[in-house]
Structure formats: C-alpha cells, structure tokens
Amino acid sequence: MNFIVALSCEAKPIINELRLTKQFSPTPFPVFRNDFHQLVVSGIGKVAAAAATGFLLGSAFRQKEVQAYLNFGIAGHGTLQTNTAFIANCISDDQDKAIFYPPQILDSDFELSRLCTCSNPSQKYEKGLGFDMEAHAFYSIASRSVTRELIQVLKVVSDNEGQSFESIQATMVSEYICNHLPSILAFAQELDALAKEISPDLETLDLQDRARKIHPFSQSQIFQLDRLINHSRTFQIEEKHLIELIEKSNSPKEAIHNLNTFIDPARVLS
C-alpha cells in the first residue's frame, strides 16, 4: 500500500501507527516504509505532488505486484463541518480542464464529495465542494499507470466558512487525522486487498518479464506493456501470439501499437 501526503503533520499519525521507518538512502522526498506499506511526504502544491507520485510509481518497492495508492490529508470545504472525513468522487483543477472520477467500488462510511485542486489556498467556500492543493496532480500522474479503482483520495476537513485556513495548526491537523485513523487504515486495507485480488499470476509475471527483454522499453512503455499483457490474459489470448507480435515489431513504440491493435477486437467482444 502506498500513501502520498503533503505535510509531515498529516503523515505523523499513520507513520506512528504502522511503525514506518524513515529511509536514509538518497531520495528526493522523505520516504517511510515497513514490509507492506510505503509513505512519501511530497510537500505542498501540484508540482510537488506530481513529482512525488512519479517517484513512488518508479520506485522498486514490491514492483511486480499490483499496488494501491492513497492520497490523504486535510482540505477546506464549503459544506462539511471541520473534522469530517470524505472521499473525493470527482476531482477537478482550477487551471486544468481534465476532471477525474475515481470509481467507488468499496463500501465505507465516509462522506463522498467533489474536490477541486487549487494553485493557492482558497477562501471561496463553494457549497458541496472541497478544496486542496495536490489531489488532481496526484491522480493525473497515478492514473497513467495504475487501475483507477486503486487510486483514491481521502481528505479531512480542516477549514470552512466558520473556521479559516489561516487558523490551521500542525497539532490540530495531526489530531484530526488521528480521529479518523482507524477508518482510514481500514479503507486502505480494503484497497490493498483489492489490489491483491487483481495481481497477475506467476505465469503472467513470467510472460511480462520475457516480453520486456525483447526491446529496450522505457519505464512508461513497460507500464503500457504490462497492462496490455494483463488484458490479453483476461481475454485468454495465447502467449505465443503476443511474443511473436512483439518480436516482429521494429521498435518498442511499434510493439505497443501492434499489441493494442491485436487486443482491441477481444475488448469489443468481451
């Protein structure tokens, strides 16, 4: 399970509860781990969140397994009371037209709310809308490589019309997170269990390893290649046809294109 948070005071409760250990090898962000979890403290803002997400996706931590990603922390809100936790079911951005709708397939007691990621702290508390500074960038990067059901954003309301963001203090943030920690960890555990359910079997992992060695695929192309091979196994396409197709392709880019074209008819029929 992978967590991305902006602030140390947001991360502290979960670091303590899961007994995560800080990694002292050179990394661009503070990283905390145990055998089953990884947490990165990104810093505030879209650029920091995007960079931290990319770093986390590219890390070698349990790389062969399908993994889940959870962005959690504080947010302002135009309707919900402070110290209320919610899951973002619609994520927009104040400078980007793209809108994301994280699929909600897990049962939870959390509120559901729209969330807008802002370039600067917002004091315009629109009804029914939350505000943060990282979620859209996190989701934009993670969704290029990970099944969207496994990417979620969970926020705790820290400010609203009755309590300005200027009054937020680190101790209050940690307290709010602690109040919801059992529910946050339960949700993360369910998300992690879902990831394990859809993890590829050993035969699929072996096929992916063999396919990667045929051409000098870039990291982003490896993500695409692995996803296509997962799809092909779902549609029961024989692996010999996939390997032959990749071998006949003249480049990594052509191999990805040819695989997409080959698998498309099975998608239509499924």
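Placed above this text is the structure.
S.K.: Give a detailed account of the overall build of the protein, specifying residues and quantitative values.
M.R.: A tally of helices and strands in the protein yields nine helices and nine strands. Its C-alpha atoms give the protein a radius of gyration of 20 Å, near enough to 18 Å, the size a compact globule of 270 residues would have. In terms of overall dimensions, the protein has C-alpha extents of about 65 × 40 × 30 Å along its principal axes. Scored against the burial criterion, the 270 residues of the protein give a buried share of 49%.

S.K.: Provide a residue-level description of the layout of surface pockets, including the pertinent values.
M.R.: Approximately 340 Å³ is the volume attributed to the second largest pocket. Sorting the residues of the lining of the second largest pocket by element identifies β5 (69–77), β8 (129–132) and β9 (151–159) as the ones contributing at least two each. A per-class count over the lining of the second largest pocket returns eleven nonpolar, four polar and four charged.

S.K.: Which residues make up the packing of aromatic side chains, and what values do they have?
M.R.: According to the stated counting rule, one finds five aromatic pairs in the structure shown. Ring centres of F100 and Y139 lie 5.2 Å apart, and the angle between their planes is 40°; this geometry places the pair in the tilted category. With a gap of 39 residues between them, F100 in the loop between β6 (85–93) and β7 (111–117) and Y139 in helix α3 (residues 135–142) connect regions that are remote in the sequence. Residue class for F100 comes out buried when judged on its relative accessible area of 9%. Accessibility expressed as a relative area gives 0% for Y139, which makes it buried. When the ring of Y125 is compared with that of F131, the centres are 6.5 Å apart and the planes differ by 80°; the resulting orientation is edge-to-face. With a relative accessible area of 11%, Y125 lands in the buried category.

S.K.: Can you tell me about the pattern of salt bridges, naming the residues and giving the values?
M.R.: Enumeration according to the criterion identifies eleven salt bridges in this entry. Here K240 ties to E238 by a salt bridge, and the two come within 3.8 Å at their closest N and O atoms. Its relative accessible area of 45% is what places E238 among the partly exposed residues. Here the residues in one salt-bridge network are K46, D93 and D94, joined through shared partners.

S.K.: Which residues make up the nonpolar core, and what values do they have?
M.R.: With 58 residues, the main nonpolar core has F3, I14, L39, L70, F138 and L154 as its most contacted residues. Among the elements that make up this core, the one with the highest residue count is helix α5 (residues 181–197) (eight residues). If sequence neighbours within four positions are ignored, L70 has contacts with M1, N2, F3, I4, F138, Q152, V153, L154, I184, F187 and A188. Grouped together as the second largest cluster of nonpolar side chains are 15 residues, L225, I246, A255 and I256 included.

S.K.: Give a description of the pairing of β7 that names residues and reports values.
M.R.: Two elements, β6 and β7, share seven bridges in a ladder whose sense is parallel. Residue pairing across strands places C90 opposite R114, the latter belonging to β7. The pairing of β7 with β8 spans four bridges and is parallel. Bridge pairing in β8 places R114 opposite L129.

S.K.: Go over the pairing of strand β4 (residues 38–41) with me, naming the residues and quoting the values.
M.R.: The side-chain alternation of β4 yields two buried faces, one formed by Q38 and V40 and the other by L39 and V41. Inspection of the sheet shows strand β1 (residues 2–5) paired to β4 by four bridges, in the parallel sense. Paired with V5 across the strands is V41, a residue of β4. Of the strand pairs in this sheet, strand β3 (residues 31–33) and β4 are connected by three bridges, and their pairing is antiparallel. When the bridges of β4 are listed, F32 appears paired with L39.

Parameters and conventions
- Residues numbered from 1 in each chain as written.
- Predicted model: local features only at pLDDT ≥ 70, side-chain atom pairs only at ≥ 80, totals over all residues.
- Heavy atoms only, no water.
- Helix = DSSP H or I, 4+ residues; strand = E, 2+ residues; numbered from the N terminus.
- Rg over C-alpha atoms; globule rule 2.2 N^0.38 Å.
- Buried < 20%, exposed > 50% of the residue type's maximum accessible area, 1.4 Å probe, protein only.
- 1 Å grid on protein atoms, 1.4 Å probe; cavity = no way out; pocket = protein on both sides within 12 Å on 5 of 7 lines; lining within 4 Å.
- Points joined across faces, edges and corners; volume = space filled by probe spheres on them.
- Nonpolar A, V, L, I, M, F, W, Y, C, P; charged D, E, K, R; others polar.
- Phe/Tyr/Trp six-rings, centres within 6.5 Å; stacked < 30°, edge-to-face > 60°.
- Salt bridge = Lys/Arg side-chain N within 4 Å of Asp/Glu carboxyl O.
- Core = buried A, V, L, I, M, F, W, Y, C linked by side-chain atoms within 4.5 Å.
- Contact = heavy atoms within 4.5 Å.
- Pairing = 2+ DSSP bridges.

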